[in-house]
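# Descriptive analysis of the structure
In case you want the letters, here they are:
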Amino acid sequence: MSELVENPESKAESREPKVESPIATTQTVSRSSTLDSRQSPGQRAWRRFRRNRLAVGGAIFLIFILLFVLIYPFFSPFQPDQLSDAQFQPPSSTHWFGTDVHGRDLLVRLCYGAQISLLVGTVGALVSLIIGVLWGAIAGYAGGRLDSAMMRFVDVLYSMPAVIFAIVLMTAVEPWLKGWFATIGLPVKIARLVVLFAALGSVSWLTMARIVRGQVLSLRTRPFVEASRVLGAGPMRILARHIIPNVLGVVIVYLTLTVPAIILYESFLSFLGLGVQPPMASWGSLIAEGVGQINPIRIYWWLILFPSAVLVSTLLALNYLGDGLRDAWDVKGGS
Amino acid sequence: MYFLKRLAFTIPLLLVISVLTFALVRCAPGGPFDRERAPASPQIEKRLNEKYHLNDPFWKQYTRYLGNLLHGDLGPSLKYRSHSVNDIIAQALPVSMLLGFLAFGFALGTGLPVGFFSAVGRGRLPDYLGSFVALLAVCIPGLVLAPMLLTLFAIKWHLLPVALWESPMHAILPTIALGLFFSGKVARLMREGMLNTMQSEFITTARAKGLSENALMFRHGFRMAVLPVISYAGPMLADLLTGSFVVENIFQIPGIGVFFVNSMANRDQTMTMGLVLLYAVLLVMLNLIVDFAYAVLDPRVKYE
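The shown structure was predicted, so the numbers you read here are calculated from the model rather than taken from an experiment. (Residues numbered from 1 in each chain as written. Chains lettered and ligands numbered in written order. Predicted model: local features only at pLDDT ≥ 70, side-chain atom pairs only at ≥ 80, totals over all residues.)

## Details of the overall build of chain B
Applicable threshold: Secondary structure elements follow DSSP: runs of H or I of four or more residues count as helices, runs of E of two or more count as strands, with numbering from the N terminus. Partly exposed residues are those whose C-beta has more than 12 but fewer than 20 other C-beta atoms within 10 Å; with 20 or more the residue is buried, with 12 or fewer it is exposed, and the C-beta atoms are placed from the backbone. Our contact criterion uses C-beta atoms placed from the backbone: two residues qualify when those atoms are within 7 Å.
The secondary structure content of chain B amounts to twelve helices and zero strands. Counting from the amino terminus, helix and strand elements in chain B follow one another as α-α-α-α-α-α-α-α-α-α-α-α. Taking the principal axes of the C-alpha coordinates as reference, chain B spans close to 85 × 55 × 30 Å. Burial status across chain B gives 39% buried among its 304 residues. Across chain B, the fraction of contacts at a sequence separation of at least 24, relative to all contacts at a separation of at least 6, is 74%.

## Considerations on the environment of Val133(B)
With respect to the helices and strands, the residue Val133(B) is situated in helix H5 (residues 125-138). The exposure class of Val133(B) is partly exposed, given the 16 C-beta atoms found within 10 Å.

## A few points about the interface of chain A and chain B
Note the following rule: By the convention adopted, Pro, Cys, Tyr, Trp, Phe, Met, Ile, Leu, Val and Ala count as nonpolar, Lys, Arg, Asp and Glu as charged, and the other residues, Gly among them, as polar.
With 39 residues of chain A at the contact, the number on the chain B side is 47 residues. Put simply, the parts of the chain that give the side of chain A that touches chain B at least two residues each are helix H1 (2-6), helix H8 (162-184), helix H12 (235-271), helix H13 (283-292) and helix H14 (301-329) of chain A. A total of nine residues in the side of chain A that touches chain B trace back to one element, the largest contributor, which is H8(A). For the side of chain A that touches chain B, the class distribution of residues is 31 nonpolar, eight polar and no charged.

## Structural notes on H14(A)
This is how the line gets drawn: Every helix has an expected span of 1.5 Å times one less than the residues it contains.
For H14(A), spanning 29 residues, the distance from its first C-alpha to its last is 42 Å, which sits close to the expected 42 Å at 1.5 Å a residue. When you tally the buried positions in H14(A), you get 23 out of 29 residues, the bulk of the element.

## As for the nonpolar core
Which entries qualify depends on this criterion: For this entry, the nonpolar core is defined as buried Ala, Val, Leu, Ile, Met, Phe, Trp, Tyr and Cys residues connected by C-beta atoms within 7 Å.
Within the largest apolar cluster, 166 residues are counted, with the highest numbers of intra-cluster contacts made by Ala166(A), Ala146(B) and Met190(B). Ranked by residue count, the leading element in this core is H12(A), at 19 residues. Dropping the residues within four chain positions of it, Met190(B) is found in contact with Gly111(B), Leu112(B), Gly115(B), Phe116(B), Ala225(B), Val226(B) and Val229(B).

## Describing the environment of Val226(B)
Residue placement: Val226(B) occurs in the loop between helix H9 (213-225) and helix H10 (227-251). The sequence separation of Val226(B) and Leu13(B) amounts to 213 residues, and the corresponding C-alpha distance is 29 Å.

## Section: the confidence of the model for chain A
In plain terms, the rule: Here pLDDT means the predictor's own confidence in every residue, given as a number from 0 to 100.
In this model, chain A carries an average pLDDT of 80, and 87% of its residues clear a pLDDT of 70 or more. Scored below 50 in pLDDT, residues 1-34 of chain A makes 35 contacts in the model with residues more than four places away or belonging to other chains.

## Some details on unusual backbone geometry
Residue and element names in this part refer to chain B. Phi at Gln 252 takes a positive value of approximately 55°, unusual for a residue other than glycine. Here Gln 252 is to be found in the loop between H10 and helix H11 (257-266). According to the C-beta neighbour criterion, Gln 252 is partly exposed, with 13 such atoms within 10 Å.

## Some words on the packing of helix H6 (residues 106-142) of chain A against H12(A)
Residue and element names in this part refer to chain A. Just so we agree on the cut-off: Lines fitted to the C-alpha atoms define the axes, with helices restricted to the stretch that makes contact. Angles between their N-to-C directions range from 0 to 180 degrees. Handedness of a helix crossing follows the sense of rotation of the near helix relative to the far helix, less than a right angle counterclockwise being left-handed and clockwise being right-handed.
Contact pair H6 / H12: the axes reach a minimum separation of 7 Å and the direction vectors enclose 145°. For H6 against H12, the interelement crossing comes out right-handed. From H6, Ser 117, Val 120, Gly 121, Thr 122, Gly 124, Ala 125, Ser 128, Leu 129, Val 133, Ala 137 and Tyr 141 reach across to H12, where they touch Pro 235, Leu 239, Ile 243, Ile 244, Val 251, Leu 255, Thr 258, Val 259, Ile 262, Ile 263, Glu 266 and Ser 267. Here the residues of the contact of H6 with H12 are counted per class, giving 15 nonpolar, seven polar and one charged.

Have a look at this one:
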């Protein structure tokens, strides 16, 4: 404590200077040795990111998990839906993570569930990214009345409880989507997944829209944008060529922070039986199955511990990665 | 004046929300009587639909609903037809609210000190420890924590009751299971707020005037640093109220969560509408209170 309070200057120096946005970094020169005018902001962010061991560790862990859940099912002797008489086997050399109430191998089911959870998290975050970036960029670039109308709409959605809205949206859209899938010949089974992507994405884009709008507002008066306008570029070209590439850093940071949030929503919904439907599995539904087997006589700890551990460690890695990216790009706030 | 304006804005806001949910709930195919145990004969179903005006055009249904709503009547539950939605809310909401507020208190009570002392010990052991614990908490949702606490403390060691909602002892595990996630969020916000505050100029001025470090930290620093936490408190309470669905499910607590989840599965449209509106009103009110608290705490904030 004494160091912090008695010598404020040394602290101020040791801290990385905080800047409002990644755009601003290009203008503030001569701060630290890493600032090299030949480097693009992206390269500088990458260098800062590489030095953050926790974030790099998180990224490596995520790649490992991803590869494992994709590859392991091919080598496993068991199928995710393969029933057997070996019910409630504790972890052993044949069933590394034990088996569940139907004698299914938990490790394979966990890989299968992880694929779904990660897929929902990523696609949901991408949906939120597309809506959020478009909404924020258009509002910020158009300005004036359109801007205030669009942002008022965001305010309205902010005052709706997100999970509840997602649930209502899902139940309203799903039967309709199922019918549509049946007519165009797609498997009806994946309708629920698509609905999950859409519902979770469409309740998670609000923060993204606000941040992008703020960035665009400050960007559109920059000389290089005005120069482009003078040279006769239309609004679409300016958005696509100048504005969007410049907000990309912030967008990537929030994308990484949105993925764990959506994974949490998904596990929440699946736990309540409103998300993915059996025999499909996700981390949430696997934990729910484990909870369903809690009884005072025997404790099937592996049914709860393993899905929980994978969920928690993935969320942890995603958060470290997101925080690391945020520090690397010097984005303020947001948690 | 500002608050009157805000208050006036909430009315159209709630109207928009109600139209939106009403449309979503009504346009979903499948009626509330599709899944009755004995398949109702077409006549019975027709009578039921007539009785609850489900065949009327959308706007007529909506205005009727709104008219009843103005009298504070959320209508009958279409599933539990002997109960009105008001009855069910009156019975279950207090339980959920109590759990939510207990968890809120737990989150603030643990999150604020952890965040505060992490920031004070910046770059040293308490900070690393505190920050790690806070991040870990943010990664442990209630649906992971609740089964673990339940298995360990209730089933294995018999220290606390397994389920239900009767004595204060019954509240301990659900409160922790629901609150820990938010403790982590609060701690992270508090740490960041404190770090930003301790660098601001008014702190330097106060230090130059010779205030003791304790006074700086606790009286001046804390007050500013807690502001991000305050502005998070509104959404947090809303999340606590909805997040309790899972915890209520695991600990068999007779709160509102089970009604909401069932109302979705049963297409109990009036119930869904009532609960969504309830949450919207709660959220809007909480955000108002939060803004008010913000203005009281931060003398620089002036609403015009």
